[in-house]
Amino acid sequence: FILVLAAQYGYFGPAPRTISAAGLGVVLSAGAFVLHRRDADNAGGPALLATGMAAAFLSLVAGTTLYHLMPGALGLLLAGLLGIAVSVVAALWRSEWLACLAVAAALVIGPWVSGDVHLGAAFMVVLSTVAAIAHVRMQWPVFHIARTLPTTVLLISLSGAYGLSTGDVWLLVALTGVHAVMAVLSILFGREAPEPEQWALATVI
């Protein structure tokens, strides 16, 4: 309540609010590592990290789309790095749901912070490709869906848009082609995977 009053009267401006949100994300993430180090089986560690990640993503949205404190390209890069970093930690902690949340959140928020739907679509395809390559050694069925579904939905929605220029059409064709090729490669890499992952890969293709 005090923070709201301070913001309304101009004592707590957009930049301090955005930096405070990012700082909150850092503090929560640090607490997650401390908690996980003390008890690796405690679900509080991944939950704290997910909360810190959410605060960081929201600060990126505020800093780019809402307050325009940073260029969209920088916000896009930071969103991708944050999603990959949390996914790596999730792999080390063997937490599939945390990895799914990280990559799906980065994919959804990326186009929003970029301010350019075409740049956002390219970002989503690249991040989905990186996640697919990183997932070769992990047997996580749901992660296949999380890294594929948001990108697929955006590409389908763009393909139904009218009035696209010739350059936009060819960009969409190229991005969709890369996305489809990665789906086929995922099937090839996971041909000896357990049955649940096989079903997930069939859904991806």
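Quantities reported herein were computed from a predicted structural model and do not represent experimental measurements.

S.K.: Honestly, the packing of helix H4 (residues 72-93) against helix H6 (residues 117-134) in this entry has me stumped. Any pointers?
M.R.: The description of two helices packed together rests on the angle between their axes and the distance between the axes. Contact pair H4 / H6: the axes reach a minimum separation of 11 Å and the direction vectors enclose 20 degrees. What the angle tells us is that H4 and H6 run roughly parallel. Pair H4 / H6 crosses with right-handed handedness. Residues Leu76, Ala79, Gly80 and Ile84 of H4 pack against Leu119, Phe123, Leu127 and Val130 of H6. When the residues that make up the contact of H4 with H6 are grouped by side-chain class, the tally is 7 nonpolar, 1 polar and no charged.

S.K.: I'm lost on helix H2 (residues 14-38) in this one. Help?
M.R.: Residues three or four positions apart in an α-helix share a direction because the helix packs 3.6 residues into each turn. For H2, with 25 residues, the first-to-last C-alpha span of 37 Å sits near the 36 Å given by 1.5 Å per residue. Of all the positions in H2, only Thr18, Gly25, Ser29, Ala32 and His36 are classed as buried.

S.K.: Just to check I follow, could you spell out the nonpolar core for this structure?
M.R.: Side chains of a nonpolar character, in soluble globular proteins, are inclined to be buried together. Among the nonpolar cores identified, the biggest contains 38 residues, and Leu49, Phe57, Leu98 and Phe143 are the most heavily contacted of them. Residue assignment for this core shows that the elements contributing at least two residues are helix H3 (44-66), H4, helix H5 (96-114), H6, helix H7 (141-159) and helix H8 (166-189). Top element by residues in this core is H5. It accounts for 10 residues.

S.K.: Explanation requested: the environment of Asp41 in the structure shown.
M.R.: With respect to the secondary-structure elements, Asp41 resides in the loop between H2 and H3. Of the residues examined, Asp41 reaches a relative accessible area of 76% and is grouped as exposed. The spacing of Asp41 and Ala180 is 139 residues in sequence and 37 Å in space, taken between C-alpha atoms.

S.K.: What is the right way to look at the side chain of Ser87 in this model?
M.R.: As for its placement among the helices and strands, Ser87 is situated in helix H4. The contacts of Ser87, once residues within four sequence positions are left out, are Ala99, Ala102 and Val103.

S.K.: What should I look at first to understand the packing of aromatic side chains in this one?
M.R.: What characterises a pair of aromatic rings is the spacing of the ring centres plus the angle enclosed by the ring planes. Applying the stated criterion to the full structure yields 2 aromatic pairs. With a centroid separation of 5.3 Å and an interplanar angle of 70 degrees, the aromatic rings of Phe33 and Trp93 are classed as edge-to-face. Taken together, the residues Phe33 in helix H2 and Trp93 in helix H4 connect sequence positions 60 residues apart. Summarising the aromatic geometry, the rings of Trp140 and Phe143 are spaced 6.0 Å apart at their centres and angled 70 degrees between planes, so their arrangement reads as edge-to-face. Taking the relative accessible area as the measure of exposure, Trp140 reaches 10% and is therefore buried.

S.K.: What's the story with the confidence of the model for the protein chain in this structure? I'm lost.
M.R.: The predicted structure's coordinates, where accompanied by low pLDDT, should not be read in detail. Looking at the protein chain as a whole, its pLDDT mean stands at 86, while 98% of the residues score no less than 70. Highest mean pLDDT in the protein chain belongs to H2 (92); lowest belongs to helix H1 (residues 2-8) (78).

S.K.: Explain H7 here, please?
M.R.: Taking 1.5 Å of rise per residue, 19 residues should cover 27 Å, and H7 covers 28 Å from first to last C-alpha, within 8% of that figure. Along its length, H7 shows its largest kink, about 30 degrees, at Thr148, and proline Pro150 lies within four residues downstream of that point. Burial in H7 covers these residues: Phe143, His144, Ala146, Arg147, Thr148, Pro150, Thr151, Leu154, Leu155 and Leu158. Against H5, H6, H8 and helix H9 (195-204) lie the buried residues of H7.

Reading the values: rules and limits
Along every chain, residues carry numbers that run from 1 in the direction the sequence is written. Selection of residues for local features in this predicted model requires a pLDDT of at least 70, selection of side-chain atom pairs for listing and counting requires 80 or more, and totals for whole chains, interfaces and linings are taken over all residues. Excluded from the side-chain calculations are hydrogens and water; all other atoms, namely the structure's heavy atoms, are used. For helices, the fitted line uses only the C-alpha atoms of the stretch in contact; every axis is such a line through C-alpha atoms, and the angle between N-to-C directions lies from 0 to 180 degrees. Note on conventions: DSSP H or I runs of at least 4 residues are helices, E runs of at least 2 residues are strands, and numbering of each starts at the N terminus. By the definition adopted for this analysis, an angle is roughly parallel if under 35 degrees, roughly antiparallel if over 145, roughly perpendicular if from 65 to 115, and oblique otherwise. Two helices cross in a left-handed way if the nearer one is turned anticlockwise from the farther one by less than a right angle. They cross in a right-handed way if the turn is clockwise. Residue contacts are defined here by distance: any two heavy atoms, one from each residue, within 4.5 Å place the two residues in contact. Side-chain classes follow a simple rule in which Ala, Val, Leu, Ile, Met, Phe, Trp, Tyr, Cys and Pro form the nonpolar group, Asp, Glu, Lys and Arg form the charged group, and the remainder, Gly included, forms the polar group. For a helix, the expected span equals 1.5 Å multiplied by the number of residues minus one. Only protein chains enter the area calculation, which uses a 1.4 Å probe; residues under 20% of their type maximum are buried, those over 50% are exposed, and those in between are partly exposed. We call a set of buried residues a nonpolar core when its members are Ala, Val, Leu, Ile, Met, Phe, Trp, Tyr or Cys and they connect through side-chain atoms within 4.5 Å of each other. Note on aromatic contacts: the rings of Phe and Tyr and the six-membered ring of Trp form a pair at centre separations within 6.5 Å, being stacked when their planes are under 30 degrees apart, edge-to-face when over 60 apart, and tilted otherwise. For every residue, the predictor reports its confidence as pLDDT, a number between 0 and 100. Throughout, the bend at a residue refers to the angle made by two axes, fitted to the seven residues ending there and to the seven starting there.

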